[in-house]
Every structure is written in structure tokens, then in C-alpha cells.
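Close look at the chain arrangement
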Amino acid sequence: MSVQIAPSILSADFAALGRDIAAVERGGADLIHVDVMDGHFVPNITIGPPVVKAIKRAATRPLDVHLMIEQPDLYIEDFVKAGANMISVHVEAVPHLHRTVHLIKKLGAKAGVVLNPATPAGVLEEIAPDLDFVLVMSVNPGFGGQAFIRHSLQKLRRVREVLTRAGSSAPIEIDGGIDLGNVAEVVAAGASILVAGNAIFGSSDAEAATRALRAAAVGAPTGSRA
Ligand code: DX5
Ligand code: ZN
């Protein structure tokens, strides 16, 4: 499965999102990862549909909208109308996951389910055939720049097993603490959509950092455009 790089704009300059998105797109970003936080499900507040709509005007790559909010059903349509191409919801935040997943799909976006670090992979067993992708959190959600939780490597392998048993080859996204030092390991463990915030926008050159992350992910020599 080919690797997709999804820079998280959480660590970008919010006063210059258009400039920062253009930089990572020049660097080969496949998706733009947008972190939506409500101050309830996670202890941080970020952005809502109006900002997603503005990002949509700036981005040429699909928007991957990660909802870290309670009651996402109330807002999913607004995010799709604002331009979200992929929407993921946390299994820990949603009581009627089947309904929510099918709402996302009915509205025309790709549907993903997110697992927090302490949530077992087995929770996906019944919903796995319906999912377009799974997102494994490798930090506790809420903030960029946290350290990668190494147990996530085992979690990735377990999620892949659950998907395979369900007859699904859906891609697995990994989010949190991804950098040049661990990106090859997460790919080897089964991740193919790679979110990175701090490793890209925390560097002085987001374009080069995006390119370097892909090279490290596919095991290419440094500086390669692979
Ligand atoms: C964390 C967010 C992540 C975050 C990743 O709650 O879901 O997308 O921006 O940032 P880094 O790569 O800095 O851990
Ligand atoms: Zn995220």
C-alpha cells in the first residue's frame, strides 16, 4: 500500500494557513489533516467549519478532518459542506457509531474511526467492514508536539488483524509524535497514512520536511523525492 503524507495544520501558523498549506503541497503532501477540538472531548479548542471552508479555498489536496468533539453528528454535515473529504470520529465519543459512520458516507465523505491509545483494537470488530479508514492515535489527543507512544506499533498490527479478519483492506492512519525517527517503523507495522504536525511545521522549512518524511517512510536515501 502506498504511503500518504498528511501534514497536520495544528502546528502551522494560523495567521498564514494558505502559505503553510502551499509549502507542504509543494513538498508532496497527499492530504491536509485538520484537527477539530471542542474543549470537551479534549482539553483544547481549535477550529470549526468556517475555517475549514477557508482552508478549502487554499488547499489543492483533499481535507482529512479529524473530529475530536462530542456529538459529532450535529456538525458532520457542516464539515462536509465546508469541504471535508475524509471525516474521522472517535469511538470514545460516539454512542451510535454505525449511524455516525453511515451519516458521513451518505454525505459523500470517506468515513474513519479513531482509537485513543488505551482503546483496544477489538472495538472495531463489528464496524470494520463499513470503514474507509482507521486512525490510530499514537498520543493522547488534544495537543501537537507530544512524544510518540511506542505501544502504538503493536496497536497498528492488531488493528490490521481485525481489518483482515473482517475482509477489509482499509488503510490505517497514524497520528501523534510521528517524525523522521519512527516513520519507517510505523509503516512496517501497517500504517500508510502518516500525520505529522510538529515534525513538519516545527521545522524551519515545511516543504523540505514533508519531502524528508516521505523519503524516511519509504526507506529512500535522505533527500530523495521518492
Ligand atoms: C493531536 C492531533 C494531531 C497532532 C499531531 O490531538 O490529533 O493531529 O496535530 O501533531 P504532532 O505530529 O506534533 O504530534
Ligand atoms: Zn489529528
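Predicted model only: the values in this text are computed from it and were never measured.

1. A look at the coordination of the zinc ion (ligand 2)
Protein-derived ligands of the zinc ion (ligand 2) are His-33 (NE2), Asp-35 (OD), His-66 (ND1) and Asp-175 (OD), with the metal-ligand distances lying across 2.0 to 2.3 Å. For the zinc ion (ligand 2), the six donor atoms are set out with angles of 70 to 169° between them, so the coordination reads as octahedral.

2. A look at the environment of Ala-216
Within the secondary structure, Ala-216 sits in helix 8 (residues 206–217). Separated by 82 residues in the primary sequence, Ala-216 and Val-134 place their C-alpha atoms 22 Å from one another. Leave out the neighbours within four places in its chain, and Ala-216 touches Leu-180, Val-183 and Ala-184.

3. Brief notes about unusual backbone geometry
Residue Gln-71 is not a glycine yet carries a positive backbone phi of 50°. By relative accessible area, which is 55% here, Gln-71 ends up exposed.

4. Observations regarding helix 4 (residues 97–106)
Every buried residue of helix 4 is accounted for by Leu-97, Thr-100, Val-101 and Ile-104. Along helix 4, the residues classed as buried sweep out an arc of 100° about the axis, all on the same side. Residues of helix 4 that are exposed and point more than 90 degrees away from the buried face comprise Arg-99 and Lys-106. Buried residues along helix 4 sit against helix 3 (76–82), strand 4 (84–90) and strand 5 (110–115). Two residues or fewer after helix 4 comes Gly-108, characterised by a positive phi angle close to 100°.

5. Here's the deal with the packing of helix 1 (residues 17–26) against helix 8
Following both chains from N to C, one finds helix 1 and helix 8 inclined at 35°, their axes separated by 7 Å at the closest point. Considering the relative orientation of helix 1 and helix 8, their crossing is right-handed. Residues Ala-23, Val-24 and Arg-26 of helix 1 touch helix 8, and the partners they reach there are Ala-206, Glu-207, Thr-210 and Arg-211.

6. Points about the site of ligand 1
Around ligand 1 sit 20 residues in total, of which Asp-35, Gly-142, Gly-145, Asp-175 and Gly-197 are the nearest. In the environment of ligand 1, an oxygen atom lies 2.7 Å from a nitrogen or oxygen atom belonging to the side chain of Asp-35. Gly-145 places a polar main-chain atom, nitrogen or oxygen, 2.7 Å from an oxygen atom of ligand 1. For ligand 1, whose accessible area on its own is 380 Å², the fraction buried by protein is 99%. Mapped by element, the contributors of at least two residues to the shell around ligand 1 are strand 2 (32–37), strand 3 (63–68) and strand 8 (193–196).

7. Some thoughts on helix 8
Relative to the 16 Å expected for 12 residues at 1.5 Å per residue, helix 8 spans 16 Å between its end C-alpha atoms, a close match to the ideal helical length. Of all the positions in helix 8, only Ala-206, Ala-209, Thr-210, Arg-211, Leu-213, Arg-214, Ala-215 and Ala-217 are classed as buried. The inward-facing, buried residues of helix 8 contact strand 1 (4–7), helix 1, helix 6 (183–188), strand 8 and helix 7 (198–201). Of the residues flanking the start of helix 8, the one acting as N-cap is Asp-205, its side-chain oxygen 3.2 Å from the backbone nitrogen of Glu-207. Of the residues trailing helix 8, Gly-219 is marked for its positive phi of about 75°.

8. Some thoughts on the pairing of strand 8
Alternating positions in strand 8 separate into two faces, Ile-193 and Val-195 on one and Leu-194 and Ala-196 on the other, with burial throughout. Here strand 1 pairs with strand 8 via four bridges, running parallel. Across the sheet, Pro-7 pairs through a bridge with Ala-196, a residue of strand 8. Bridge count for strand 7 (residues 172–175) against strand 8 is three bridges, and the pairing is parallel.

9. Considering the sheet that holds strand 1
The parallel open sheet is built from eight strands, whose spatial order is 1-8-7-6-5-4-3-2. Every other strand in the sheet has two partners, leaving strand 1 and strand 2 as the edge strands with one partner each. The sheet shows a mean angle of 25° between the axes of neighbouring strands, taken without regard to direction. Here helix 4 sits on the sheet in contact with strand 4 and strand 5, set at roughly 145° to strand 5.

Basis of the calculations
Residues numbered from 1 in each chain as written. Chains lettered and ligands numbered in written order. Predicted model: local features only at pLDDT ≥ 70, side-chain atom pairs only at ≥ 80, totals over all residues. Heavy atoms only, no water. Donors = N, O, S within 2.8 Å, 3.2 Å for Na, K, Ca; no water. Tetrahedral: all angles 85-135°; square planar, octahedral: opposite > 155°, others 65-115°. Helix = DSSP H or I, 4+ residues; strand = E, 2+ residues; numbered from the N terminus. Contact = heavy atoms within 4.5 Å. Buried < 20%, exposed > 50% of the residue type's maximum accessible area, 1.4 Å probe, protein only. Arc of directions from axis to C-beta. Axes fitted to C-alpha atoms, helices over the stretch in contact; angles between N-to-C directions. Left-handed = near helix turned anticlockwise from the far one by under 90°. Near = heavy atom within 4 Å. Polar contact = N/O pair within 3.5 Å; in protein donor to acceptor, adjacent residues only side chain to side chain. Areas by Shrake-Rupley, 256 points an atom, 1.4 Å probe, with all protein chains shown as cover. Expected span 1.5 Å × (residues − 1). Pairing = 2+ DSSP bridges.

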